[in-house]
Amino acid sequence: METVDNKYKVWHDNIIARGKDRVLTGYQEKHHIIPKSLGGSNKKDNLVALTPKEHFIIHILLCKFTVGKSRLKMLNALHAMMFFTTKRRGYKTSSRIVANLRIEFQKNNPVFDPEVRRKIGLGNKGKIVSAEGRRNMSLAHMGLRNSLGHKHTKEFCENISRVNKGNKHGLGIIYVNKDGVCLFIKKEFKQEYLAKGYKLGRDRTYITEAYKKLQSDKRIAYVNKRKQTNLATFG
């Protein structure tokens, strides 16, 4: 962990020390004193309970006294906290903090370095993907085709089904349904549920012709949208 001694490190250490010397009640978050990305462990002496606000401040401070690759990793961690867990954890960020983070993130991330971008461009030069190829990749993502653009044969699908039959994650588990309610139960309870009026298998009464058409229209609309986006992007 590459660091410098400054006021931000002092503030960081004071918050950590206060967290270790108290019993926190209510909602709390565990923080790795030495971050795992910088070699920290899950041992008790490397963990401290913080409030959400303290946890957020700590990660801002970590960006203020780390240097080199350690700083880049801490910027990544703060970026994740701000943009992926803010809603769930209730963090509040100002436009100034967001702007500064984005500038620092771009400045320190090698992907944004002009020389690195030039080399990436040279590596991708000449790799042209046709409109049909992009369409096939879109269909592959939806499971309608494989990555080469070919439809899976019936024999292939049967082979996959046979390989997955009896998968250990589903051994001894069956579906039963009744009045639109579908349950996942152990086989030994089958007779008990059948006596209650349940039927074997999943409930598929919702799969009407109208439902099939709706799903088909959605798939076609999605493929067309991806196709138009790809044409606009790649020409």
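For the structure, check the block above.
Anyway, here's the lowdown on the structure attached to this text.

Thresholds applied
Residues numbered from 1 in each chain as written. Predicted model: local features only at pLDDT ≥ 70, side-chain atom pairs only at ≥ 80, totals over all residues. Heavy atoms only, no water. Salt bridge = Lys/Arg side-chain N within 4 Å of Asp/Glu carboxyl O. Helix = DSSP H or I, 4+ residues; strand = E, 2+ residues; numbered from the N terminus. Buried < 20%, exposed > 50% of the residue type's maximum accessible area, 1.4 Å probe, protein only. Core = buried A, V, L, I, M, F, W, Y, C linked by side-chain atoms within 4.5 Å. Expected span 1.5 Å × (residues − 1).

## What about the pattern of salt bridges?
Think of it this way: side chains of opposite charge can pair up when their charged atoms draw near. For the structure on display, the rule yields six salt bridges. Among the ionic pairs, R18 bridges to E54, the shortest N-O distance being 3.3 Å. Of the two residues, R18 sits in helix 1 (residues 7-20) while E54 sits in helix 2 (residues 52-65), which places them 36 residues apart along the sequence. With relative accessibility at 10%, the residue E54 sits in the buried group. Between E209 and K212 there is a salt bridge whose closest N-O contact spans 3.8 Å.

## Structural notes on the nonpolar core
Side chains of a nonpolar character, in soluble globular proteins, are inclined to be buried together. Counting 18 residues, the largest nonpolar core has F56, I58 and L78 as the members making the most contacts within it. At the level of elements, helix 1, strand 2 (47-50), helix 2 and helix 3 (68-84) are the ones that each hand at least two residues to this core. Counting residues in each nonpolar core, the second largest holds five residues, with I174, V176, I185 and Y193 among its members.

## Structural notes on helix 2
When the terminal C-alpha atoms of helix 2 are compared, their 21 Å separation across 14 residues agrees well with the 20 Å that a helix rising 1.5 Å per residue should span. Of all 14 residues in helix 2, 11 are buried, a share of seventy percent or more.

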